[in-house]
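Structural description and commentary
Here is how the chains run, residue by residue.
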Amino acid sequence: MTKEISTEEDQTKAIERRAQGEFVRGLSGFRHAIGEPDFPPEPGRYHLFVALNCPWCHRVTLARAVLGLQASITMDVAFPNRTSEADPTGPNLWEFAPHRIASLTSAILPECTLETGTSEGLRLAKQIYQREGSDEQSVPILYDKTAGRIVNNESAEIIRMLDLHSEALGGDAQRPILVPDDLALQSYMGALNERIYVTINNGAYKAGFSSDQAVYAKAFKAYFETLAFLDALLSDGRAFLTGEVFTEADLRLFPTLYRHDPVYYLRMKLNGARILDYPHLWRWLCRVYALDGVADAGSLVHCRQGYFGRSWNGVVPLGPQMPMSYPEAFRHPDLGCKI
């Protein structure tokens with residue numbers, strides 16, 4: 001597998017940093033790879049457990065979609081709100097519960113499924129881990145249905161292995177190459193990935209979940225500095241971040257920017273500007289949204305329900321509705337501020 005530039009959270013003094021109000025993301029514990037002897041690349045063998053409100057899951061569902069793996073990699077979708085204090089197993093657990101009613105729509109969410117990957121009909125993602133003696137409970141999970149084992153639960157590694165083995169897994173022959181062979185381009189993309197992860201993907205959480213004003217302000221500043229940097233990068237007329245082709249850098253940036261205007265602007269206290277206010281970034285966002293499979297790989301209903309349905313008083317905001325509602329706005333690249 002192509003070497004992955006580290007984009008995990010530095011765990012140095014993590015306990016102290018959390019106590020001081022900083023959000024510190026934990027590490028994923030399952031790090032096997034498709035292509036190892038125990039996990040051969042075969043169509044129909046692998047399964048994904050995801051939640052559509054989760055941006056780390058969104059990376060994986062995007063990769064599955066743009067690589068044309070929907071028919072060969074099955075998938076279960078958790079309800080966007082986790083279990084409550086009243087749940088007999090405990091609160092804050094991802095649940096496969098297609099019967100649950102979303103407060104935003106007063107209806108079930110049709111994308112949600114029962115758990116089908118293990119053939120045991122488990123209710124909670126936590127129970128998938130417990131079968132292997134782990135106390136983790138996060139999604140996404142890449143699961144081997146033949147071996148009955150978790151392969152990996154680190155999204156950055158999952159998208160790399162799906163790209164590397166796409167053909168053997170049954171992907172589309174006309175798929176994009178997410179990680180190019182050109183070593184110089186890999187290095188450039190890796191540097192973009194690093195900055196995007198630290199200041200944008202994880203930076204949104206650093207801002208939104210901080211309980212310290214100074215930590216929040218630092219994350220806020222870095223987030224918008226990188227948005228300005230990316231807007232300037234795209235101002236030369238390139239279609240995507242590294243040039244004229246869609247790569248992993250675009251895939252990793254998209255989930256956060258997709259959420260920014262309708263969710264993060266308010267929920268993560270990132271109200272410095274909208275993506276609509278960055279003309280080149282807005283056009284890029286619309287361009288990616290228009291790619292085959294991208295619109296169906298996420299759900300802003302799940303995002304709104306998931307972020308706001310368990311925050312503050314649980315009431316989900318209905319906007320924004322100007323200049324038009326989302327995700328319909330993503331079909332209109334002309335909405336961005338005029339250059």
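This text gives an overview of the structure that appears in the document.

Parameters and conventions
- Residues numbered from 1 in each chain as written.
- Predicted model: local features only at pLDDT ≥ 70, side-chain atom pairs only at ≥ 80, totals over all residues.
- Heavy atoms only, no water.
- Pairing = 2+ DSSP bridges.
- Helix = DSSP H or I, 4+ residues; strand = E, 2+ residues; numbered from the N terminus.
- Axes fitted to C-alpha atoms, helices over the stretch in contact; angles between N-to-C directions.
- Contact = heavy atoms within 4.5 Å.
- Salt bridge = Lys/Arg side-chain N within 4 Å of Asp/Glu carboxyl O.
- Buried < 20%, exposed > 50% of the residue type's maximum accessible area, 1.4 Å probe, protein only.
- Polar contact = N/O pair within 3.5 Å; in protein donor to acceptor, adjacent residues only side chain to side chain.
- Phe/Tyr/Trp six-rings, centres within 6.5 Å; stacked < 30°, edge-to-face > 60°.
- Lys NZ or Arg CZ within 6 Å of the ring centre and 35° of its normal.
- Disulfide = S-S within 2.5 Å.
- Core = buried A, V, L, I, M, F, W, Y, C linked by side-chain atoms within 4.5 Å.
- Patch = residues over 30% accessible without salt bridge, like charges linked within 9 Å, V, L, I, M, F, W, Y side chains within 5 Å.
- Areas by Shrake-Rupley, 256 points an atom, 1.4 Å probe, with all protein chains shown as cover.
- Parallel < 35°, antiparallel > 145°, perpendicular 65-115°, else oblique.
- Left-handed = near helix turned anticlockwise from the far one by under 90°.

Comments concerning the sheet that holds strand 1 (residues 46-50)
- Taking strand neighbours across the sheet as the criterion, the four strands line up as 2-1-5-6 in an open arrangement whose pairing is mixed. Both outer strands of the open sheet, strand 2 (74-77) and strand 6 (149-152), are each paired with one neighbouring strand and no more. Here the average twist between neighbouring strands, direction ignored, is 30 degrees.
- Direction of pairing for strand 1 relative to strand 2: parallel, over a ladder of four bridges. Within the sheet, the bridge partner assigned to H47 lies in strand 2 and is T74.
- Packing against the sheet, helix 4 (residues 155-164) makes contact with strand 1, strand 5 (141-144) and strand 6, and its axis sits at approximately 90 degrees to strand 6.

A closer look at the pattern of salt bridges
- According to the stated counting rule, one finds 15 salt bridges in the structure shown.
- Here R149 and D38 are joined by a salt bridge, their closest N and O atoms 3.3 Å apart. Pair noted here: R149 is in strand 6 and D38 is in the loop between helix 1 (14-19) and strand 1, with a separation of 111 residues, a long-range link.
- Since its relative accessible area comes to 26%, R149 is described here as partly exposed.

Observations regarding helix 4
- Of all 10 residues in helix 4, nine are buried; the element is thus mostly enclosed.
- Within the sequence span of helix 4, burial applies to S155, A156, E157, I158, I159, R160, M161, L162 and D163.
- Near the N-terminus of helix 4, the side chain that reaches the backbone nitrogen of A156, with its oxygen 3.1 Å away, is that of E154.

Examining the environment of I159
- With respect to the element layout, I159 can be found in helix 4.
- A relative accessible area of 0% places I159 in the buried class.
- The contacts of I159, once residues within four sequence positions are left out, are R59, V60, A63, L178, E248, L251 and R252.

Regarding the pairing of strand 1
- Judged by how many residues are buried, strand 1 sits mostly within the fold: five of five residues are covered.
- The two faces of strand 1 match: Y46, L48 and V50 on one face and H47 and F49 on the other face are all buried.
- The pairing of strand 1 with strand 5 spans four bridges and is antiparallel. For F49, the partnering residue across the bridge sits in strand 5 and is I141.

Regarding the packing of aromatic side chains
- Under the definition given, this model contains 19 aromatic pairs.
- Taking the centre distance of 5.7 Å and the plane angle of 50 degrees together, the rings of F30 and Y129 count as tilted. Highlighted residues: F30 in the loop between helix 1 and strand 1 and Y129 in helix 3 (residues 125-130), separated in sequence by 99 residues. Here F30 matches Y129 in class, with each residue buried.
- Ring pairing ties together the aromatic residues F254, Y258, W282, W284, Y289, Y326 and F330, which thus form one cluster.
- Of note, R195 hangs over the ring of F229, and the distance from its end group to the ring centre comes to 4.3 Å.

Focus: the state of the cysteines
- Scanning all chains against the criterion turns up zero disulfides.
- Looking at C54, it has no disulfide partner, and the nearest cysteine sulfur is the one in C57, 3.6 Å off.
- A relative accessible area of 7% places C54 in the buried class.
- As a non-bridged cysteine, C112 has C303 as the owner of its nearest cysteine sulfur, 12 Å distant.
- Relative accessible area serves as the criterion here: at 6%, C112 is assigned to the buried category.

Describing helix 9 (residues 279-289)
- With respect to burial, helix 9 is a largely interior element, nine of its 11 residues being buried.
- Structurally, helix 9 contributes buried residues whose contacts are with helix 7 (213-233) and helix 8 (248-267).

Some thoughts on the nonpolar core
- Counting residues in each nonpolar core, the largest one holds 93 residues, and the members touching the most others are L241, L281 and W284.
- The contacts of L281, once residues within four sequence positions are left out, are L227, L230, D231, L234, L253, L257 and I275.

Some words on a nonpolar patch on the surface
- On the surface, Y265, L266 and W312 cluster together to form a nonpolar patch covering roughly 330 Å² of accessible area.
- Within the fold, L266 resides in helix 8.

Describing the packing of helix 4 against helix 8
- Axis separation between helix 4 and helix 8 bottoms out at 12 Å; the angle between their running directions is 140 degrees. Classified by the angle their axes make, helix 4 and helix 8 are oblique. Between helix 4 and helix 8 the crossing geometry is right-handed. Here helix 4 contributes A156, I159 and R160 to the contact with helix 8, which in turn contributes E248, L251 and R252.

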